[in-house]
Amino acid sequence: MDSESATEQDAGRTHCWSGRGIAFAPLEITDAPLVHRWRSDPAAAHETGVWPGSLYELTERIERHLDDSSRDDFLVLLPDGTPAGLIALHDQQMAEGTAEAYLILDREHREHREHRGRGLGVAALDALTDLAFGELPMQRVEAFTHTDNAPALSVLAAAGFTPEGVRRSSCLHRGRRYDNAVLSLLRTEWEALERPRSWEL
């Protein structure tokens, strides 16, 4: 499929949630090649500290995720329907009211002109936490990234996440051990954020 046809197809996807200049569409098995390309980008692999693996493995994983009621996975779409990243709210524990946020963006669209000043990643996380606290009974959304991942730490801070601590030497990437930073956003902190909510935009 050429890029023009792919854009037309993505523009016709059903949006299940939206935020500031972005929309979420449910992840499909057919999105595996696109997500694999994002995960295989050397910069993204370094920032996430995760070896991308094979397309077959990722496709199988996405298929399992679609049957997992404890997670929601979405493509992040730009206003023209172009996929710009993957975002997920996973390990949802409804009784405890906790979940974990995951985000990976296509490097080409990180500084998209529609999001200068606040950023595509922040817009996506804002929309995800609005979903977690505004539609789901979450009390806490947490995130993990290795402590050398300055871009991710900056995005999480701008979205209201607070550093809690460090899991020492908990990530192996390119032959080096990394510490993982633990960050979280609590319901009370989300309620205090002075920004429009997704349903107000």
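Up top is the structure.
Residues numbered from 1 in each chain as written. Predicted model: local features only at pLDDT ≥ 70, side-chain atom pairs only at ≥ 80, totals over all residues. Heavy atoms only, no water.

J.: What should I look at first to understand the packing of aromatic side chains in this one?
T.: To describe a pair of aromatic rings, one takes the distance between the centres and the angle between the planes. Tallying each qualifying case throughout the model produces 4 aromatic pairs. A ring pair is formed by F24 and F74, whose centres lie 5.2 Å apart and whose planes are at 20 degrees; its orientation type is stacked. With F24 in strand β2 (residues 23-26) and F74 in strand β3 (residues 72-77), the pair connects residues that are 50 residues apart, well separated along the chain. On the accessibility criterion, F24 (0% relative accessible area) is buried. A residue is classified by how much of its surface remains accessible, and F74, at 7% relative accessible area, is buried. Here a set of aromatic residues connected by ring pairs shows up, and it is made of W17, F133, W190 and W199. Note that R167 overlies the ring of F144, its terminal NZ or CZ placed 5.0 Å from the centroid. In this arrangement the basic side chain of R197 is found over the ring face of W190, its NZ or CZ atom lying 4.7 Å from the centre. (Phe/Tyr/Trp six-rings, centres within 6.5 Å; stacked < 30°, edge-to-face > 60°. Helix = DSSP H or I, 4+ residues; strand = E, 2+ residues; numbered from the N terminus. Buried < 20%, exposed > 50% of the residue type's maximum accessible area, 1.4 Å probe, protein only. Lys NZ or Arg CZ within 6 Å of the ring centre and 35° of its normal.)

J.: Honestly, the environment of P196 in this entry has me stumped. Any pointers?
T.: With respect to the helices, strands and loops of the structure, P196 is situated in the segment after α7 (187-192). Overall, P196 belongs to the partly exposed group, its relative accessible area being 47%. For the pair P196 and D130, spaced 66 residues apart in sequence, the C-alpha to C-alpha distance is 9.8 Å. Residues within four places of P196 in sequence aside, it is in contact with D130 and L201. (Contact = heavy atoms within 4.5 Å.)

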